[in-house]
Amino acid sequence: MAQDREWAPQHGSPRDRRPRVIAIGGGKGGIGKTLISANLAAALARLGSRVVAIDTDLEGANLHTALGMSAPSTSLADYVADRERDLRRLLLDTPVPGLRLIAATHGNLDSAQPKSWSRVTMLQQIRELPADYAVVDLGAGTHPSVIDYFLVGDVGVLVMTPEPTSVENAYAFLRAAFYRRLRHAVTSDAVRDIVNQAMDQKNDRGIRTPLDLMNAVQQSSPEDGERFVAAMRSFRPQLVVNGVRTAQDIRLGFTVRSVCRKYFGLEADYLGYVNWDDAVSEAVRSRATIVESHPRSDAAIYVMRIARKLMGLSNRPARPRAASAPERPAL
Ligand SMILES: Nc1ncnc2c1ncn2[C@@H]1O[C@H](COP(=O)(O)OP(=O)(O)OP(=O)(O)O)[C@@H](O)[C@H]1O
Ligand SMILES: [Mg+2]
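Residues numbered from 1 in each chain as written. Chains lettered and ligands numbered in written order. Predicted model: local features only at pLDDT ≥ 70, side-chain atom pairs only at ≥ 80, totals over all residues. Heavy atoms only, no water.

### Observations concerning the overall build of the chain
Operational definition: Numbered from the N terminus, helices here are DSSP runs of H or I no shorter than four residues, and strands are runs of E no shorter than two. For every residue, the accessible area (1.4 Å probe, protein chains only) is compared with the maximum for its type, and the residue is labelled buried under 20%, exposed over 50%, or partly exposed between those bounds. By definition in these notes, contact holds between two residues if any of their heavy atoms fall within 4.5 Å.
Looking only at helices and strands, the chain features 13 helices and eight strands. In the chain, which comprises 331 residues, the share counted as buried stands at 54%. Residue pairs at least 24 apart in sequence account for 73% of intrachain contacts in the chain once pairs closer than 6 positions are excluded.

### A look at the layout of surface pockets
To keep it simple, the criterion reads: Both cavities and pockets are sets of points on a 1 Å grid over the protein atoms alone; in a cavity a 1.4 Å probe fits but cannot get out, in a pocket the set is open with protein on both sides within 12 Å along at least five of seven lines, and lining residues sit with an atom within 4 Å of a point. Grid points are joined across faces, edges and corners, and a volume is the space filled by probe spheres set on the points. As a working rule, the residues Ala, Val, Leu, Ile, Met, Phe, Trp, Tyr, Cys and Pro are called nonpolar, Asp, Glu, Lys and Arg charged, and the rest polar, with Gly in that last group.
Estimates place the volume of the largest pocket at around 620 Å³. Surrounding the largest pocket, 34 residues form its lining, G30, I31, G32, L35 and N242 being those nearest its centre. Residue assignment for the lining of the largest pocket shows that the elements contributing at least two residues are α1 (33–46), α2 (63–66), β7 (238–244) and α11 (278–285). Residue classes in the lining of the largest pocket are distributed as 13 nonpolar, 15 polar and six charged.

### With respect to the packing of aromatic side chains
Here is the rule: The criterion for an aromatic pair is that two Phe, Tyr or Trp rings (for Trp, the six-membered ring) have centres within 6.5 Å, with stacked assigned to planes under 30 degrees apart, edge-to-face to planes over 60 apart and tilted to the rest. Comment: the charge-over-ring label is applied if NZ (Lys) or CZ (Arg) is within 6 Å of the ring centre and within 35 degrees of the ring normal.
Taken as a whole and judged by the stated rule, the model has seven aromatic pairs. With 6.2 Å between their ring centres and 45° between their planes, F178 and Y179 make a pair best called tilted. What links up through ring pairs into an aromatic cluster is the set F178, Y179, F228 and F235. Looking at R85, its charged tip hangs above the ring of Y79, at a distance of 4.6 Å from the centre.

### Description of the nonpolar core
Rules: Nonpolar core, defined: a set of buried Ala, Val, Leu, Ile, Met, Phe, Trp, Tyr and Cys residues in which side-chain atoms within 4.5 Å join the residues together.
Residues L87, I102 and L213 are the most contacted members of the largest nonpolar core, which totals 66 residues. Contact partners of I102, with chain neighbours within four places excluded, come to V52, A53, I54, D55, L76, L87, L90, L91 and L129. Counting 44 residues, the second largest nonpolar core, distinct from the first, contains I22, A38, L44 and L63.

### Some remarks on the pattern of salt bridges
Put simply, the rule is: Salt bridges, as used here, are contacts in which a Lys or Arg side-chain nitrogen is within 4 Å of a carboxyl oxygen on Asp or Glu.
Tallied over the entire structure, the rule returns 13 salt bridges. Between E128 and R18 there is a salt bridge, with the nearest N and O atoms lying 3.7 Å from each other. You can see E128 sitting in the loop between α4 (116–126) and β5 (133–137) and its partner R18 sitting in the segment before β1 (20–25), a full 110 residues away along the chain. The class of E128 is partly exposed, set by a relative accessible area of 39%. Of the residues examined, R18 reaches a relative accessible area of 35% and is grouped as partly exposed. Of the charged contacts, one joins R50 and D132 as a salt bridge, the two residues approaching to 3.2 Å between their closest N and O atoms.

### Some thoughts on the site of ligand 1
Counted only if it meets this: We call a residue near a molecule or strand when any one of its heavy atoms sits within 4 Å of it. What qualifies as a polar contact is a pair of N or O atoms within 3.5 Å, subject to a donor-acceptor requirement within protein and to the restriction that residues adjacent in sequence count only when both atoms come from side chains. Surface accessibility follows the Shrake-Rupley procedure with a 1.4 Å probe radius. Residue values consider only the protein chains on display as shielding. If over half the atoms of a molecule are within 2 Å of the grid points of a cavity or pocket, the molecule is regarded as sitting in it.
G30, K33, T34, L35 and N242 are the nearest of the 15 residues found near ligand 1. I31 places a polar main-chain atom, nitrogen or oxygen, 3.0 Å from an oxygen atom of ligand 1. Separating a nitrogen atom of ligand 1 from a backbone N or O atom of N275 is a distance of 3.0 Å. Against a free-state accessible area of 640 Å², the protein chains account for coverage of 76% of ligand 1. Structurally, ligand 1 is housed in the largest pocket. With three residues, α1 is the single largest residue contributor to the shell around ligand 1. In terms of residue class, the shell around ligand 1 is built from five nonpolar, seven polar and three charged.

### What about the packing of helix α8 (residues 210–220) against helix α9 (residues 222–234)?
Cut-off, in case you're wondering: Lines are fitted to the C-alpha atoms to define the axes, a helix being fitted only along its stretch in contact, and any angle between axes, read from their N-to-C directions, falls within 0 to 180 degrees. Just so you know how the angles are binned, under 35 degrees is roughly parallel, over 145 roughly antiparallel, 65 to 115 roughly perpendicular, and the rest oblique. A clockwise turn of the near helix away from the far one marks a right-handed crossing, whereas an anticlockwise turn of less than a right angle marks a left-handed crossing.
Viewed as axis vectors pointing N to C, α8 and α9 meet at an angle of 150°, and their least axial separation amounts to 6 Å. Viewed along their axes, α8 and α9 adopt a mutual orientation that is roughly antiparallel. By crossing handedness, the relation of α8 to α9 is classed as left-handed. Packed against α8, whose contacting residues are P210, L211, L213, M214, V217, Q218 and S220, the element α9 presents P222, D224, G225, F228, V229 and M232 at the interface. Among the residues forming the contact of α8 with α9, the class breakdown is nine nonpolar, three polar and one charged.

### Remarks on the pairing of strand β6 (residues 155–160)
The test is simple: Pairing between two strands requires that DSSP report at least two bridges joining them.
Along β6, six of the six residues are buried, which leaves the element largely enclosed by surrounding structure. Bridging between β1 and β6 involves four bridges; their strand directions are parallel. Residue pairing in the sheet places G25 in a bridge with L158 of β6. In the sheet, β6 pairs with β7 via four bridges, with the strands oriented parallel. Residue pairing for β7: V157 is matched across the bridge by Q238.

Now the structure itself:
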């Protein structure tokens, strides 16, 4: 059982015993954010880390189900409703040794997400959880509450599937996250005003991309221009393509990475991909993660690869099992 795991650090946490926060977003609904959050969290725990998975999707809460748990008695909704002010008291054991969960449940329909001031405290508390990794599952969309969870991540994972709709939403999500980050970075009111205007895609100033915005900011204030460039450099999303069926699907990650560089002036990394795999739905129905219940499935193997990469461990080449499985590029 999870509580049998020694919750003192197993091998020294990556940063001052604070968790490395991995936020899993993507803009579109139904693309596998929760599947990847649950399995990545379980994979990191299988590799010996102390992990907390956090479901921030108070409107579509189901991370607990993906982890094989029934409806939780306490959740982030208690924090939002002010019934509990300490996130650590919301930690639940999961069936996966080394993995604990802060669940979500469908909260107050009128105000599901925490107000922005309460969000700041909550994000701070996430950064102080007793774990090596905190894996944060985001809801769909680009609402500021979703984007703030993404920006709190030391690692921001952008999930997409090979459908054009998902790719379109991934770009929209990146743009929203990046502009929000910039708004926090700049100091002068005039420049913040420019960033606010740029958030309207059809703005009169003709700012269409982050690169256009950078030029406008540099012209208005050289100091904020420098801050802008620093914020741009430190914003490095990690791309994951989920539901891969062909070699062409795999290449999507490289294409998006090039587009980010060319049109957004942003560096992104292609963290990995996860095959479309029927074992996923079998696992969900049997109330387990694939990495625990189907560890030899393609999906589990590729999630484990991503987990190892995040932990800085080496990956031996994985052999796709299905005859139709695509070739694997060196990621
Ligand atoms: N690689 C995969 N292979 C097979 N099925 C998958 C795969 N990835 C996701 N699915 C299935 O797709 C469905 C949606 O996945 P999931 O709930 O993780 O998406 P989501 O992005 O979290 O959605 P939402 O935005 O609604 O929270 C689930 O039924 C899941 O089991
Ligand atoms: Mg989800």
